[in-house]
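A look at the structure
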Amino acid sequence: MKDFGFTITKDRQIDYDQHDHRLLQFVLENEPSFQACISCGGCTATCSAGNLIDFNIRKLNMLLRRGETEGLEKEINKCMLCGKCMLVCPRGINTRNVILKIKEAIQKFR
Amino acid sequence: MTKKVAIIGGGIAGMEAASVLSRMDIEVLLIEKRQQLGGHVGEWDHLFPNFRPASEITRSLLNALQNNNIKICANTVVTGIARKAGLFEVKTNQNQNFKVDGILLATGFDLFDAHKKEEYGYGIYENVITSADLEKKLKGGNVLTTASGCVPKRIAMIHCVGSRDEKAGYFHCSRVCCITAVKQAIEIRQKLPNVEIFCFYMDLRMYGKGFEEIYREAQEKWGIQFVRGRLSEAGENIDGGLQIKSEDTLSGRPLKMIVDMIVLMVGMVPAESTSQMAKMLGIHLSGDGFIAHDDVHFGSNITNVPGIFTAGTITSPMTISDTIADARSAALKICEYIA
Amino acid sequence: MAYHHFVLPFSIGMAALFAILMVKFTIWIVKLESVDKRLIRKNLFSVKTLDAMGEVFMESLLHRKIFRKNPMLGYMHMSLAFGWFLLILFGNFQAQFYTRTMLHPPYFPIFFNFFVTTSEEYLFKASFEFLMDLFLLIVLTGLFIAISKRFYSRIVGLKKTTKLKFFDKLALTSLWFIFPLRLLAESFTSGLYNNGDFLTGSLGSFFARHLMVEKLALPAWWGYSLALGFFFVALPYSRYMHIPAEVLLIFLRKYGVRTRREFTSYSDIEVRSCSRCGICIDACQINNALGINNIQSVYFLRSIRERSVGDEKLFTCMLCGRCENICPVGIQLSDLRMTQRNKNGVQNTSTYDFLVPPKYKVADVLYFAGCMTHLTPAIKKSMLKIFDIAGVNYYFMDSDKEACCGRPLIQSGHYENAAKLMEYNKKLIRQSKAKVLVTSCPICYKTFKEDYKLNIHVMHHTEYILKLVEVGILLLEKGDSKVVYHDPCELGRGLGIYEEPRILLNKVARLLHPDEERENAFCCGGSLGSFNLSTQQRNIIRDDALAKLMKPNPDKLITACPLCKKTFSKGTKVQVLDIAELVAASVIVPEAKKALDMQKHETVLVE
């Protein structure tokens, strides 16, 4: 079967109990503001990288909160850390630190 | 001896409270900083959920003020309040000096200053207006046009401007903007049947009586489209068109769109005078900058200072129905206090 | 030959110190990057060496910079360092004049008064005796302040003083004892032989009257020698290592060596050069506004030495550069912090292969607004208006599909990732054949100027607009609004652009001055340098800075950075504008001048 990559919605359930939540725990412990997301999509709308390529930081974070980490590394590498998302976030989430922590967690738990 | 109450603020909360108190044989001083009574409602065209003219509300409230117990002080600003022998001494900029038994604060709210959300382009791009600007245009009765005089083909209504936004400094939900957007969208469509309208929202909060019904009417009858996504920024094309960026979060894709006009649904924020007043009187504010009640359930209208009461949006954003109810309950609390 | 067993602790300590220092210095120099070594070889025999010596004198001995910041603290450091230096220098002269030879054991001048007790005459005897007492007195006053500072740091105007480790304590205690013991030893001996000058002489005769000085003298000399010995042995492992390290640092800096992205041997020397004076703590807004006082540079450098750099120390800092600006040793604190943020492995493997250069346009001037400027459209619009009025042939490089400049990645330590973005942007810049690159964002400006190594003019819009005004292409009308200018960190402390905005503002408004401006300006709190400050914390920093900026009561607050503008505008009712907006609103365009302007244009570009 062709691998459509991470951003294509897979035709299956989120098997929450089977997922490895260490990555999420690590991010939440180190950047608690991550919890406050209401999925408004402001970050994705303003994203410099998302303006150029299929890169949805909101969805990525949402999937991470559900324990879905497949393909995360490849996706998160698209971020340029420019900080626009941080400026528009209505919930005051430290989005850049979330990215740093996700990258750190990937290295840690790979 | 007749008891006397000063009501500061002549919007709908102050007016309703004044008429109720006057009917209970209490003398009322209604102090309003502007020439006209009626506050923000006085500047509105039609009201949700039944599209009734706002002037009906102000007119009927004004009629109820025709009572000998009520003295209206327009163009008057309170400069000082002091407590003397169980009474309050209220000083004004007109060099008046009133002695009253109780005070009702009904100074309302301010509209969020949309300039603060610079990325939305208010004050920078001509075709970005606020919900209040739109209401003025509707009230003026002229055909809605863009700055260059054309009939708009597509309009975006942006919810939560200055509400639920930590970056703007306001966490709270303003409660009325979602339904106002729906109301205004329908009104625009009634006047301009060919215009496309998109509402950009984070959550739709149709909690009041009749709200859900007109939301549904907006979809079914008027074809208004709803996009779940927060606007991140707006830019201007060479031809004056506005490009907006948002994410269509339900399809998970960034969304770009050219529109002819953007309407920012500005939120209700604490009035500048609220914090000054609170400081002068020693009244507690809650974290959102509105006046606090010590008891969330039983404490409405009561402040931490005995003898000083609140009515209306000085404590939180409210619809007109809620404001009227709040004003009546404030009148009751004052009566109990001075009796 | 003059000798006594008590000189042993001093002599051994001294020898150990020199040996350890030799080893340390050698290792440092050997480990330097080869580019840095080349710089040394190139500049060793040049006027730069003399220059460095001068600076060593001014900074390591006189502590001029500390003086300027805080006279009391400056006097403390100067009296200890320079006073001691004079004691050694004149002690050696004294010994030479006495022995009439250069050859005497190293301990001889140190314990001169023990060995030379006869009233034998030598050249300038009286002057030497007076001077040696005077210098000792100066050192003792400095020591008095230093000891008081340990207990009451407010005496020297510092809110917080640094915390100590074991070797620091050993060295500090020895240091405290050295000079009081010297005073006692010399006084006892003077009392015994009835000599000495105003200090040791009078104290000596006082002691002789009340104490058994003949029994006390030798133990005091032993104590003095021991204190010196301990101090010398502890020195290389204590904070006092900063003294020799700073000397080396000054020389290397004069030769052109600088902190790099990676932690090099030079960085190590910098880390060791920190005198732990604590001035950086007082300069830090995270301390002043938030009360967080364990992440400041002095503690950060210590955590590097102890290999215990944690996220909090590393990523809370806003890289505003206030501590670096005030650091008396001149350590590149922001760059040093970034060396520790350096990420490796999978965290740094972005390809950014989605960046495909768009169809480029040839233009004279490139405009790079910067990511943040897209969220402050008023700045963008004003700049485009200025370009249009001035008739500039420009290309808006990042009008739609923009790549970031790379600076935020550098600040987070993703250097390899940053390099890829820089390569992409460089290609675009080269293709445009532009002669000038104008940017609205000081963050971009800093990296375009310092990291891109472009061979065209890179300007912040403040500089560019001023240039247009100076050659007469832009005519400005002076308004009567009162404005205060806020220096953005990266533009001011980062690149030294202080004059241009002020000249411009004086042309269009009445410029008022807050207490802290230019290099002392505050950070707005919005900095991209910090990664883990919360919005609430940032707001507190912002409000604190705003309160100070607004003291002159301006009508408008002017800045030159989209991020500062965005941050400040949420915190005040006063209008916050970028300098480009104010200028764009003050431009007059007489139609007749237009043709002439076109000609003048060439001159700006050719320049």
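Residues numbered from 1 in each chain as written. Chains lettered and ligands numbered in written order. Predicted model: local features only at pLDDT ≥ 70, side-chain atom pairs only at ≥ 80, totals over all residues. Heavy atoms only, no water.

1. Overview of the overall build of chain A
For the record, the criterion: The numbering of helices and of strands both runs from the N terminus, where a helix is a DSSP run of H or I of at least 4 residues and a strand a run of E of at least 2. Whether two residues touch is decided by their heavy atoms; if any such pair falls within 4.5 Å, the residues are in contact. Where accessible areas are quoted, they stem from the Shrake-Rupley method and a 1.4 Å probe; at the residue level, only the protein chains shown are allowed to cover.
Helix and strand counts for chain A come out as 6 helices and 0 strands. Each helix and strand of chain A, ordered N terminal to C terminal, gives the series α-α-α-α-α-α. Here the analysis covers contacts within chain A between residues at least 6 apart in sequence; of these, 72% occur between residues at least 24 apart. Only carbon and sulfur atoms are counted for the fraction: they give 52% of the accessible area of chain A, which is about 4900 Å².

2. A few points about the overall build of chain B
As a reminder of what qualifies: For the radius of gyration, the atom set is restricted to C-alpha positions; the globular benchmark scales as 2.2 Å times the number of residues to the power 0.38. A simple rule labels every residue: compare its accessible area, found with a 1.4 Å probe on the protein chains alone, to the largest value its type can have, and call it buried under 20%, exposed over 50%, or partly exposed in between. In summary, the charge assignment counts Lys and Arg as positive and Asp and Glu as negative, without counting His or the chain termini. The location of each charge is read from NZ of Lys, CZ of Arg, CG of Asp or CD of Glu.
Regarding its fold elements, chain B presents 7 helices and 20 strands. Relative to the globule expectation of 20 Å for 339 residues, the C-alpha radius of gyration of chain B, 21 Å, shows essentially globular dimensions. Seen through its C-alpha atoms, chain B measures out along the principal axes to roughly 70 × 35 × 35 Å. For chain B, with 339 residues in total, the buried portion stands at 58%. The long-range share in chain B, meaning contacts at least 24 apart out of those at least 6 apart in sequence, stands at 64%. Here chain B displays about 14500 Å² of accessible surface, and carbon together with sulfur accounts for 50% of that area. On chain B, the mean spot of the 37 positive side-chain charges and the mean spot of the 38 negative ones are 3 Å from each other.

3. Structural notes on helix H25 (residues 499-508) of chain C
All names here are of chain C. How we decide: By definition, the arc is the one covered by directions from the helix axis to the C-beta atoms.
Buried within H25 are the following residues: Pro501, Arg502, Leu504, Leu505 and Val508. Projection of H25 onto a plane perpendicular to its axis shows the buried side chains occupying an angular sector of 165 degrees, all on one side. The inward-facing, buried residues of H25 abut helix H24 (461-470), strand E5 (475-476), strand E6 (482-485), strand E7 (510-512), strand E8 (556-559) and helix H28 (579-585).

4. A word on the interface of chain A and chain B
Applicable threshold: By definition, the buried area sums, over both parts, the 1.4 Å-probe accessible area that each loses when the two are put together. The salt bridge criterion pairs a side-chain nitrogen of Lys or Arg with a carboxyl oxygen of Asp or Glu, the two atoms within 4 Å. Polar contacts here mean pairs of N or O atoms no more than 3.5 Å apart (in protein, one a potential hydrogen donor and the other a potential acceptor; neighbouring residues in sequence count only if both atoms are side-chain atoms).
Across the contact, 21 residues belong to chain A and 19 residues belong to chain B. Surface buried jointly by chain A and chain B totals about 1600 Å² across both partners, of which 44% is contributed by carbon and sulfur atoms. Its largest share of buried area at the contact with chain B, chain A owes to Cys40, Ala45 and Pro90 of chain A, together 30% of the area lost on that side. Inspection of the chain A/chain B interface yields 2 salt bridges. The shortest N-O distance in the salt bridge between Glu247 of chain B and Arg58 of chain A comes to 2.6 Å. Taken together, chain A and chain B are joined by 14 residue pairs in polar contact (both at pLDDT 80 or more). Counting only elements with at least two residues in the side of chain A that touches chain B, the list comes to helix H2 (42-46), helix H3 (57-65) and helix H5 (84-88) of chain A.

5. Observations concerning the nonpolar core
Worth spelling out the cut-off: Residue types Ala, Val, Leu, Ile, Met, Phe, Trp, Tyr and Cys, when buried and joined through side-chain atoms within 4.5 Å, form a set referred to as a nonpolar core. Domain borders in the structure are assigned automatically or taken from a domain database.
Counting 217 residues, the largest nonpolar core has Phe111 and Phe179 of chain C as the members making the most contacts within it. Counting only domains with at least three residues in this core, you end up with domain 1 (62-237) and domain 2 (364-513 + 552-607) of chain C. Once residues lying within four places of it in the same chain are set aside, the contact partners of Phe111 of chain C are Phe6, Val7, Phe10, Trp221, Tyr224, Ser225 and Leu228 of chain C. The next biggest cluster of nonpolar side chains, apart from the first, holds 35 residues, and it includes Ile179, Met206, Met261 and Val263 of chain B.

6. Focus: the side chain of Thr559 of chain C
Residues and elements named next belong to chain C. Assignment of secondary structure puts Thr559 in strand E8. For Thr559, a relative accessible area of 0% gives the class buried. A polar atom in the side chain of Thr559 sits 3.4 Å from the backbone oxygen of His486. Among all residues touching Thr559, those that are not within four sequence positions of it are Tyr485, His486, Pro488, Cys564, Lys565, Leu577, Asp578 and Ile579.

7. Brief notes about the sheet that holds strand E3 (residues 436-439) of chain C
Residues and elements named next belong to chain C. Basically, it comes down to this: Strand pairing follows a simple DSSP-based rule, namely that at least 2 bridges must link the two strands. Axis definition: a line fitted to C-alpha atoms, limited for helices to the stretch in contact. Angles are taken between N-to-C directions and run from 0 to 180 degrees.
Taken in spatial order, the 4 strands make up an open sheet running E2-E1-E3-E4, and their pairing is parallel. A strand with exactly one partner marks an edge of an open sheet, and here the two such strands are strand E2 (394-396) and strand E4 (457-460). When the angles between neighbouring strand axes are averaged without regard to direction, this sheet yields 25 degrees. Running over the sheet, H24 touches strand E1 (365-368), E3 and E4 and is turned about 100 degrees from E4.

8. Points about the interface of chain A and chain C
Convention followed: Here the term charged refers only to Asp, Glu, Lys and Arg, the term nonpolar to Ala, Val, Leu, Ile, Met, Phe, Trp, Tyr, Cys and Pro, and the term polar to all other amino acids, Gly among them.
Contact residues are listed per partner, giving 29 residues for chain A and 37 residues for chain C. Together, the buried faces of chain A and chain C total about 2700 Å²; carbon and sulfur atoms form 57% of this surface. Put simply, chain A and chain C have 1 salt bridge between them. Looking at the side of chain A that touches chain C, the elements that each hand over two or more residues are H5 and helix H6 (95-109) of chain A. With 7 residues, H6 of chain A is the single largest residue contributor to the side of chain A that touches chain C. Considered class by class, the residues forming the side of chain A that touches chain C number 11 nonpolar, 9 polar and 9 charged.

9. A look at the confidence of the model for chain A
Keep this limit in mind: pLDDT is a per-residue confidence score from the predictor, ranging from 0 to 100.
Confidence in the prediction of chain A, expressed as mean pLDDT, is 87, and 89% of residues score 70 or more. Taken element by element, chain A is modelled with least confidence in helix H4 (residues 72-76) of chain A, mean pLDDT 90, and with most confidence in H2 of chain A, mean pLDDT 96.

10. Details of the environment of Glu516 of chain C
All names here are of chain C. Residue placement: Glu516 occurs in the loop between E7 and helix H26 (535-549). Distance in space between the C-alpha atoms of Glu516 and Leu549 is 7.7 Å, their sequence separation being 33 residues. Setting aside chain neighbours within four positions, we find Glu516 in contact with Ala521, Phe522 and Lys548.

11. Focus on the sheet that holds strand E1 (residues 4-8) of chain B
Residues and elements named next belong to chain B. With parallel pairing, 5 strands are arranged side by side in an open sheet as E5-E2-E1-E9-E20. On the outer flanks of this sheet lie strand E5 (70-73) and strand E20 (308-310), each paired with one strand and no other. For this sheet the average axis-to-axis angle between neighbouring strands, irrespective of direction, equals 20 degrees. Sheet analysis places E1 next to strand E9 (residues 102-105), joined by 4 bridges and oriented parallel.

12. Concerning the domain arrangement of chain B
Residue and element names in this part refer to chain B. Split by domain assignment, chain B resolves into domain 1 (4-108 + 271-338) and domain 2 (114-267). Counting residues at the interface gives 16 residues for domain 1 and 22 residues for domain 2. Between domain 1 and domain 2 the total buried area reaches about 1600 Å² when both faces are included, carbon and sulfur atoms providing 65% of it. Taken together, domain 1 and domain 2 are joined by 1 salt bridge. Between Arg175 and Asp322 there is a salt bridge, with its nearest N and O atoms 4.0 Å apart.

13. So, H6 of chain A
One full turn of an α-helix is made of 3.6 residues, so residues set three or four places apart face in the same direction. Residues and elements named next belong to chain A. Which entries qualify depends on this criterion: Given the number of residues in a helix, its expected span is that number minus one, multiplied by 1.5 Å.
Along its 15 residues, H6 runs 21 Å from first to last C-alpha, staying within 8% of the 21 Å computed at 1.5 Å per residue. In terms of burial, H6 is a largely internal element, 11 of the 15 residues being buried. Residues Thr95, Arg96, Asn97, Val98, Ile99, Leu100, Lys101, Ile102, Lys103, Ala105 and Ile106 constitute the buried set of H6.

14. Remarks on the environment of Tyr224 of chain C
Residues and elements named next belong to chain C. Looking at the element boundaries, Tyr224 is found in helix H11 (residues 213-234). Through-space distance from the C-alpha of Tyr224 to that of Leu143 is 15 Å; in sequence the pair is 81 residues apart. Excluding residues that lie within four positions of it along the chain, Tyr224 makes contacts with Ile110, Phe111, Ile178, Leu181 and Arg182.

15. Regarding the packing of aromatic side chains
For any two aromatic rings, the description comes down to two numbers: the centre-to-centre distance and the angle of the planes. Residue and element names in this part refer to chain C. What counts is decided by this rule: Centres within 6.5 Å make a pair out of two Phe, Tyr or Trp rings, where for Trp the six-membered ring is used; the pair is then stacked when the planes are under 30 degrees apart, edge-to-face when over 60, and tilted otherwise.
Considering all chains together, one arrives at 53 aromatic pairs over all chains under this definition. Arranged with centres 5.9 Å apart and planes meeting at 20 degrees, the rings of Phe108 and Phe115 form a pair that is stacked. Given the relative accessible area of 6%, Phe108 is considered buried. By relative accessible area, which is 18% here, Phe115 ends up buried. Between Phe166 and Phe167, the aromatic rings sit 5.3 Å apart at their centres with planes inclined by 70 degrees, giving edge-to-face as the arrangement.

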